[in-house]
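# Structural overview for review
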Number of protein chains: 2
Amino acid sequence: MERGSRPATLTDVAQSAGVSPSTVSNVVRGSDVVAARTRRRVLTAIAELGYRPNALARHLLRGRATTVGIIARDLRNPFFAEMASLVEREVAGFGFGAMFCATDGDPDREEQAVELMLDHRVTGLVIVSFLSRPALIATKINDQIPVVFVAAEEPWADSVTVDEHRGGEMVARHLIELGHRRLAFVGPQAPDRADARRLEGFLRAAADAGLQPTVIAWDPPDGPPSVGGVVVEWPTILKGNEPLTGIFAANDFAAIDLLDVADTLGVRVPEALSVVGFDDVDMARLRRINLTTVSQPRGALVRLGVGALLGRIEGRITGGPHVTMASVGLTVRGSTAPPP
Amino acid sequence: MERGSRPATLTDVAQSAGVSPSTVSNVVRGSDVVAARTRRRVLTAIAELGYRPNALARHLLRGRATTVGIIARDLRNPFFAEMASLVEREVAGFGFGAMFCATDGDPDREEQAVELMLDHRVTGLVIVSFLSRPALIATKINDQIPVVFVAAEEPWADSVTVDEHRGGEMVARHLIELGHRRLAFVGPQAPDRADARRLEGFLRAAADAGLQPTVIAWDPPDGPPSVGGVVVEWPTILKGNEPLTGIFAANDFAAIDLLDVADTLGVRVPEALSVVGFDDVDMARLRRINLTTVSQPRGALVRLGVGALLGRIEGRITGGPHVTMASVGLTVRGSTAPPP
DNA sequence: AGCATTGCTTGCAACGCTCCAAGCCACCGA
DNA sequence: TCGGTGGCTTGGAGCGTTGCAAGCAATGCT
């Protein structure tokens, strides 16, 4: 092929091989009806011209692209980064391309992303984490293509999640067994459903032990923490008269920021403060972080999610209900210990 | 629009509005030739049917998609994750969709990714970090579409990089000024060009001070470190007779793993060992990591890179040469101090 | 010899859109 | 009355594929 020339088309190949476009098409798609002789001629022409089929044309005809859309919240959070990457790899294994968009939780970008992908006639959508305006997105998608939520859940689509509630319970029990009484949950100002579930489980297990944890809203690194809308100060709640001793952060990303706050204030972890995260991101295992956290089986979540999506695409309804659960487990590391 | 129905086409809209497809097309593309009355009728029909133009059809006709391909090495490394995310956001700002692939440095996946994107007729390609087989990829791309490397460099395409060499020099000078004499560079077994440049700069500035750093090949977390192909032991080189005191890791990701090694061995940083990274990833600022590192202006790199790409797309040749340089600076934190 | 069958190959109509040339219909000036 | 003009609308070809129906030799069967 000439440098910089327009890419060869199927018709070019047909001409060069002296056959009809249909025959070339048959060869390309590996139909077995073509005579060996002809196939060889065509193959040579293809190689000579460096022909590659135009996916746009194929997809237009099919009415659907061989492409999956991936929408993630935020690649700065290593959990999402890895999930997105895993999804891409998984769908690639089935021959699908991936369109990608990180929304940073901005509802407008969510909307644009979905429209973009719908316009490109992606075969399906994998949404990693929650949407800000699920109802709007649902009407947009309008059952046109299958959607699966991974590590998140919406009633109108398939989803694969861990048992967040149980994860929250495990954290509470762990802290309580260690002897903690003054517990808290730290989550975003605008919690999504996973955050809420984790909190529920945490509160439930705490209540069973007669405890009532503080619920702190905090969006690191900028915002100040607040309880019930009232701004509080880290020094007060971590170093005051009755300091919190066990904090469950809604995710590892926040937990690690919380560790940083503790470090800044000179509050020693785990001696003075126990911290538990959720997700078990790679860096949680570093000795410097050494975070006790709830593990999500990322690979399994992605495999199940993509499996469900492909099932829908092929018309099968895979898993039983719309919601599948995968296991969850507490990984105890060095950020938790008995209270002082 | 009916639930689950096939999406409305331009022709559907035309029929419903009682005009020709051409007119609908004119309205959709915002041509000013359509009479206000007609435009309103068409607009109503569009809204009623929930019509959205089929990007595949448009792109087929144009010969090019309004889509940019992003190829990154590895989303587990937060530097690449953030770069990829920034690129996606930047191109989205210009109305482009993004196809994405993470190759994990696997040459086969690189090849597949490029083919996939070429087949989808992406408008251009942004490649974050180096390729394993640049020559092969170059022939594949064959000047069909513009390519820009960000934070990497190939002779056959535009690229935007920081002055890696100078970054390496700055690290060496910093360590030498602190009084270090036993220096080392830690980089991957198969260094890419950026690694090589950083090393060059490091060696150069060290040589100017009469020093000859050890060059260690290491691919954390699996492989053992080696010098000149000979496997060495961390305990020996960090705690032996003449331990290394200043180590420059090719990137923050490796630097953080090195910190973990030091922690495991009980080698105190920075008291016994100074560590410097490269990239200034978000987590480097955490007190628990507190890594001295060379900052890359990520936003600027991406803006310049995408700018160059769009320039090529529009036929302008933007920057002077194929290679643009952006500034680089040492961020001194707590992982470096005078040697013991 | 006549006819069906086998084994290939081909023509053609889509897919949903764009773009250009051409058409239509007042309305205007001469 | 007629040609011209301007404002708006339309027909149709074509982008690169696919998939089906039809074509067409050569072979097999009776």
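Only a predicted model underlies this, so the values are computations on that prediction, with no experimental measurement involved.

Quick look at the overall build of chain A now. Check the secondary structure of chain A and you find twelve helices and 14 strands. Each of the three principal axes of chain A carries a C-alpha extent, and together these read 90 × 40 × 35 Å. Counting every position in chain A, which comprises 340 residues, the buried fraction comes to 48%. Sequence separation of 24 or more characterises 69% of the internal contacts of chain A that already satisfy a separation of 6 or more.

With that out of the way, let us pick up the nonpolar core. Soluble globular proteins tend to pack their nonpolar side chains together in the buried interior. If you look at the biggest cluster of nonpolar residues, it comprises 190 residues, and the most contacted ones within it are Val128 and Val150 of chain A together with Val128 and Val150 of chain B. Excluding residues within four positions of it along the chain, valine 150 of chain B makes contact with Met83, Val87, Val126, Val128, Val160, Leu301, Val302 and Gly305 of chain B.

With that out of the way, let us pick up the sheet that holds strand 8 (residues 226-227) of chain A. Residues and elements named next belong to chain A. Taken in spatial order, the eight strands of this open sheet run 9-8-7-6-10-11-12-14, and their pairing is mixed. Single-partner strands in this sheet number two, and they are strand 9 (230-231) and strand 14 (329-331). Where strand 10 (residues 246-249) and strand 11 (residues 274-279) come together, three bridges link them in parallel fashion. Paired with isoleucine 247 across the two strands is valine 275, which belongs to strand 11. Each of strand 6 (183-187), strand 10, strand 11, strand 12 (292-295) and strand 14 touches helix 8 (residues 164-178); the most contacted strand, strand 11, lies at about 160° to it. This element, helix 11 (residues 252-265), spans strand 6, strand 10, strand 11 and strand 12 of the sheet and lies at about 155° to strand 11.

As a further point, take the relation of the copies chain B and chain A. Both copies of the chain are placed relative to one another by a rotation about an axis and a shift along it. Turning chain B through 180° and shifting it by 0.0 Å along the axis lays it on chain A, with an RMSD of 0.1 Å. The superposition of one copy onto the other is thereby described by a two-fold rotation axis. Of every C-alpha in chain B, the one belonging to methionine 99 of chain B sits nearest the axis of rotation, 2.1 Å from it.

Turning our eyes to something else, we now look at unusual backbone geometry. Between proline 220 of chain A and proline 221 of chain A the backbone carries a cis peptide bond, its omega angle lying at 0°. Assignment of secondary structure puts proline 221 of chain A in the loop between strand 7 (214-217) and strand 8. In this structure, proline 270 of chain A follows valine 269 of chain A across a cis peptide bond, with omega equal to 10°. By secondary structure assignment, the location of proline 270 of chain A is in the loop between helix 11 and strand 11. Although it is not a glycine, aspartate 279 of chain A sits at a positive phi angle of roughly 125°. Residue aspartate 279 of chain A is classed as buried on the basis of its C-beta count, with 28 C-beta atoms lying within 10 Å. One non-glycine residue with positive phi stands out, namely arginine 121 of chain B, at about 55°.

So, about the protein's contact with DNA strand D. Contacts to DNA strand D come from 27 residues, most closely from Leu10, Asn54 and Ala57 of chain A together with Ala35 and Thr38 of chain B. Listing elements by their share of the surface near DNA strand D, those giving two or more residues are helix 1 (10-17), helix 2 (21-28) and helix 4 (55-62) of chain A together with helix 2 (21-28) and helix 4 (55-62) of chain B. When grouped by side-chain class, the residues that make up the surface near DNA strand D number 14 nonpolar, eleven polar and two charged.

Time to look at the interface of chain B and chain A. Every contact between the two is made by 47 residues of chain B and, on the other side, 47 residues of chain A. The set of elements that each furnish at least two residues to the side of chain B that touches chain A consists of helix 4, helix 5 (78-93), strand 2 (97-102), helix 6 (107-119) and helix 11 (252-265) of chain B.

Lining the immediate surroundings of DNA strand C are 26 residues, of which Ser22 and Thr38 of chain A together with Thr9, Leu10 and Asn54 of chain B lie closest. Those elements that place two or more of their residues in the surface near DNA strand C are helix 2 and helix 4 of chain A together with helix 1 (10-17), helix 2 and helix 4 of chain B. Tallied by class, residues from the surface near DNA strand C come to 14 nonpolar, ten polar and two charged.

Before going further, it helps to examine helix 3 (residues 36-49) of chain B. Between its first and last C-alpha atoms helix 3 of chain B spans 20 Å; for 14 residues at 1.5 Å apiece the expected length is 20 Å, and the two agree. At its buried positions, helix 3 of chain B is contacted by helix 1 and helix 2 of chain B.

All right, on to helix 8 of chain A then. Residues and elements named next belong to chain A. Spanning 15 residues, helix 8 covers 21 Å between terminal C-alpha atoms, matching the ideal 21 Å at 1.5 Å per step. Buried residues of helix 8: Glu164, Arg166, Gly167, Gly168, Glu169, Val171, Ala172, His174 and Leu175, and no others. One or two positions beyond helix 8, positive phi appears at glycine 179, with a value near 110°.

A few words now on the sheet that holds strand 10 (residues 246-249) of chain B. Residues and elements named next belong to chain B. Here eight strands make up an open sheet; going across it, the order is 9-8-7-6-10-11-12-14 and the pairing mixed. Here the strands that pair on one side only, and so sit at the sheet edges, are strand 9 (230-231) and strand 14 (329-331). As judged from the two bridges shared by strand 7 (residues 214-217) and strand 8 (residues 226-227), these two strands associate in the antiparallel manner. Paired with isoleucine 216 across the strands is valine 227, a residue of strand 8. In the packing of helix 8 (residues 164-178) onto the sheet, contacts are made with strand 6 (183-187), strand 10, strand 11 (274-279), strand 12 (292-295) and strand 14, and the angle to strand 11 comes to roughly 160°. Docked against the sheet, helix 9 (residues 193-208) engages strand 6, strand 7, strand 10 and strand 11, running at close to 175° with respect to strand 6.

Residue and element names in this part refer to chain B. Judged by which residues are buried, strand 4 (residues 147-150) turns out to be covered on both faces: Val147 and Phe149 on one side and Val148 and Val150 on the other are all buried. As judged from the four bridges shared by strand 3 (residues 124-128) and strand 4, these two strands associate in the parallel manner. Residue leucine 125 lies in a different strand from strand 4, and its bridge partner there is valine 147. Here strand 4 runs beside strand 5 (residues 158-162); their pairing, made up of three bridges, is parallel.

With that settled, the discussion passes to the packing of helix 5 (residues 78-93) of chain A against helix 12 (residues 298-313) of chain A. Residues and elements named next belong to chain A. Direction vectors running N to C along helix 5 and helix 12 enclose 45°, while the axes themselves pass 10 Å from each other. What the angle tells us is that helix 5 and helix 12 run oblique. Remark: the crossing between helix 5 and helix 12 carries right-handed chirality. Here Glu82, Met83, Leu86, Val87, Glu90 and Val91 of helix 5 lie close against helix 12, whose contacting residues are Arg298, Gly299, Val302, Arg303 and Val306. Looking at the contact of helix 5 with helix 12 residue by residue, the classes come out as six nonpolar, one polar and four charged.

Residues and elements named next belong to chain B. Note that valine 28 resides in helix 2. Residue valine 28 is classed as partly exposed on the basis of its 17 C-beta neighbours within 10 Å. Considered as a pair, valine 28 and glycine 93 are 65 residues apart in the sequence and their alpha carbons are 20 Å apart.

So, about the pairing of strand 11 of chain B. Residue and element names in this part refer to chain B. Summarising burial for strand 11: six of the six residues are buried, a large majority. On the question of chirality, the crossover connecting strand 10 to the parallel strand 11 by way of helix 11 is right-handed. Bridge analysis of strand 11 against strand 12 gives four bridges, and the strand direction is parallel. Among the inter-strand pairings, phenylalanine 278 is bridged to a residue of strand 12, identified as valine 294.

What counts as what
- Each chain has its residues counted from 1, following the order in which its sequence is written.
- Chain A is the first chain written and ligand 1 is the first ligand written, with later ones labelled in order.
- The predicted nature of this model means local features are confined to residues of pLDDT at least 70 and side-chain atom pairs, given and counted, to a pLDDT of 80 or more, with totals for whole chains, interfaces and linings taken over all residues.
- The numbering of helices and of strands both runs from the N terminus, where a helix is a DSSP run of H or I of at least 4 residues and a strand a run of E of at least 2.
- Each residue is classed by its C-beta neighbour count within 10 Å, where at least 20 other C-beta atoms makes it buried, 12 or fewer makes it exposed, and intermediate counts make it partly exposed; the C-beta atoms are placed from backbone geometry.
- Remark: residues whose backbone-derived C-beta atoms lie within 7 Å of one another are considered to be in contact.
- Linking buried Ala, Val, Leu, Ile, Met, Phe, Trp, Tyr and Cys residues through C-beta atoms within 7 Å yields a set, and such a set is a nonpolar core.
- Whether two strands pair depends on DSSP finding at least two bridges between them.
- Simply put, an axis is a line fit to the C-alpha atoms, just over the touching stretch for a helix, and the angle between two N-to-C directions goes from 0 to 180 degrees.
- The atoms used to superpose the copies are C-alpha atoms, taken from residues with pLDDT of at least 70 in both, and the fit is least squares.
- Nearness here is judged by the C-beta atom: place it from the backbone, and if it falls within 6 Å of a molecule or strand, the residue counts as near that partner.
- Each residue gets one label: Ala, Val, Leu, Ile, Met, Phe, Trp, Tyr, Cys and Pro are nonpolar, Asp, Glu, Lys and Arg are charged, and the others, such as Gly, are polar.
- Multiplying one less than the number of residues by 1.5 Å gives the expected span of a helix.
- Oblique is the label for any angle not covered by the other classes, which are roughly parallel (under 35 degrees), roughly antiparallel (over 145) and roughly perpendicular (65 to 115).
- By convention, the crossing between two helices is left-handed when the near helix turns anticlockwise from the far helix through less than a right angle, and right-handed when the turn is clockwise.
- Looking down the strands as they point away from the viewer, one classifies a crossover as right-handed if the path from the first strand across the helix to the second runs clockwise.

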